[in-house]
Amino acid sequence: MRLRVLASGSRGNSSLLWAGDQLLMLDAGLAVTAMTERLVDSRVGLKSIDHVVVTHGHLDHSRTAGIVAKRHGALLHAPAEILEHRAIKRAPNRQALPIGAECYLGPPECGVSFRATIVPHDCHPTLALRIEHGGRALALLTDCGEPREEPARALSDTEVLLLEANHDVDLLRAGPYPQSLKDRVLGPGGHLSNDQMAVMLRRLAGPRLHTVVLLHLSAQNNRPDLAAEAARQTLEQLGRTDVRVVCAEQDRPLETIDV
Ligand SMILES: [Zn+2]
Ligand SMILES: [Zn+2]
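Throughout what follows, the structure given in this document is the object of discussion.

Conventions used here
- Residues numbered from 1 in each chain as written.
- Chains lettered and ligands numbered in written order.
- Predicted model: local features only at pLDDT ≥ 70, side-chain atom pairs only at ≥ 80, totals over all residues.
- Pairing = 2+ DSSP bridges.
- Helix = DSSP H or I, 4+ residues; strand = E, 2+ residues; numbered from the N terminus.
- Buried ≥ 20, exposed ≤ 12 C-beta atoms within 10 Å, placed from the backbone.
- Axes fitted to C-alpha atoms, helices over the stretch in contact; angles between N-to-C directions.
- Contact = placed C-beta atoms within 7 Å.

## Details of the sheet that holds strand E4 (residues 51–53)
To summarise the sheet geometry, strands pair through backbone hydrogen bonds and adopt either a parallel or an antiparallel arrangement. With respect to topology, 7 strands assemble into an open sheet ordered E6-E5-E4-E3-E2-E1-E14, the strand pairing being mixed. For this open sheet the edge positions go to strand E6 (94–96) and strand E14 (257–258), each flanked by a neighbour on one side alone. Where E4 and strand E5 (residues 75–78) come together, 3 bridges link them in parallel fashion. Bridging across to E5, His 51 finds its partner in Leu 75.

Printed below as a string of structure tokens:
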């Protein structure tokens, strides 16, 4: 598999995953113009995306999911609860993501299997995903209010881990957000801090792991060096200085990563 993170942050999240002959889009939260630019930049032509997978209904993950799926003739997979949402229902072909069970995404002969698990966030349900193809696996865990053990069990043992590192608690507390928004971000329905990311990373870093991509960094309340340092320290404590750590960006795609 090959992964390209097109964008990540509060203004839109989206990644491409090539798995055998299937092309998946994981979340589609960019606005139409930015999405089109990044697909052209990634040499993705019309009608070439097979599946659009949406983790939850917040617009920074779902904004253009229906439009992309319709343009590409892709099957849109989303939690059953949001299949009729405005941004989603523009896709003529939609399917509910089963939760908990190991399933195939598309025909079994394509060999792309996945497992979705619920994470705490103030948009229920929000799903974390483990996707596997050809003996390689990737996990995506973002928009998660607190580092619970259960999602970690469902997502472990992957080559690549996409993991939210939204904020540094001190920067958030001292920053310009109104108190109500600070409380939301810090609460169990909010987002993972760098310290909470480290707790999840400790649980998820198995022997196969070679790359960690940190997602959804807040432009106001985090810095890439702080997030990356928190991840590197944890990996060092685990004796895994060989694992690469990359921070996804809002305004430009990352280089393609071989899973
Ligand atoms: Zn989000
Ligand atoms: Zn969200």
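Having put the structure on the table, let's press on.
## A look at the pairing of strand E3 (residues 22–28)
The element E3 is largely enclosed, with a buried count of 5 among its 7 residues. Bridging between strand E2 (residues 14–19) and E3 involves 6 bridges; their strand directions are antiparallel. From the neighbouring strand, Ser 14 faces E3, where its bridge partner is Ala 28. In this antiparallel pair of consecutive strands, E2 and E3, the connection spans 2 residues, and Gly 20 shows a positive phi of 60°.

## Some points on the sheet that holds strand E12 (residues 211–215)
Read from one edge to the other, the open sheet built from 7 strands follows the order E7-E8-E9-E10-E11-E12-E13, with strand pairing classed as mixed. Strands at the two margins of the open sheet, each flanked by one partner only, are strand E7 (102–104) and strand E13 (244–247). Here the strands of the sheet are splayed against their neighbours by 20° on average, with no regard to which way each runs. Its contacts with the sheet place helix H7 (residues 194–204) against strand E10 (136–141), strand E11 (160–164) and E12, and it is angled at close to 160° to E11. Packing of helix H8 (residues 224–237) onto the sheet brings it into contact with E12 and E13, and relative to E13 it is tilted by some 155°.

## So, the environment of Ala 78
You can see Ala 78 is positioned in strand E5. Taking the number of C-beta atoms within 10 Å as the measure of exposure, Ala 78 has 29 and is therefore buried. In this structure, the C-alpha to C-alpha distance between Ala 78 and Leu 127, residues 49 residues apart in sequence, is 9.0 Å. The residues touching Ala 78, leaving out its near neighbours within four places in the chain, are Val 54, Leu 83, Ile 88, Arg 94 and Leu 97.

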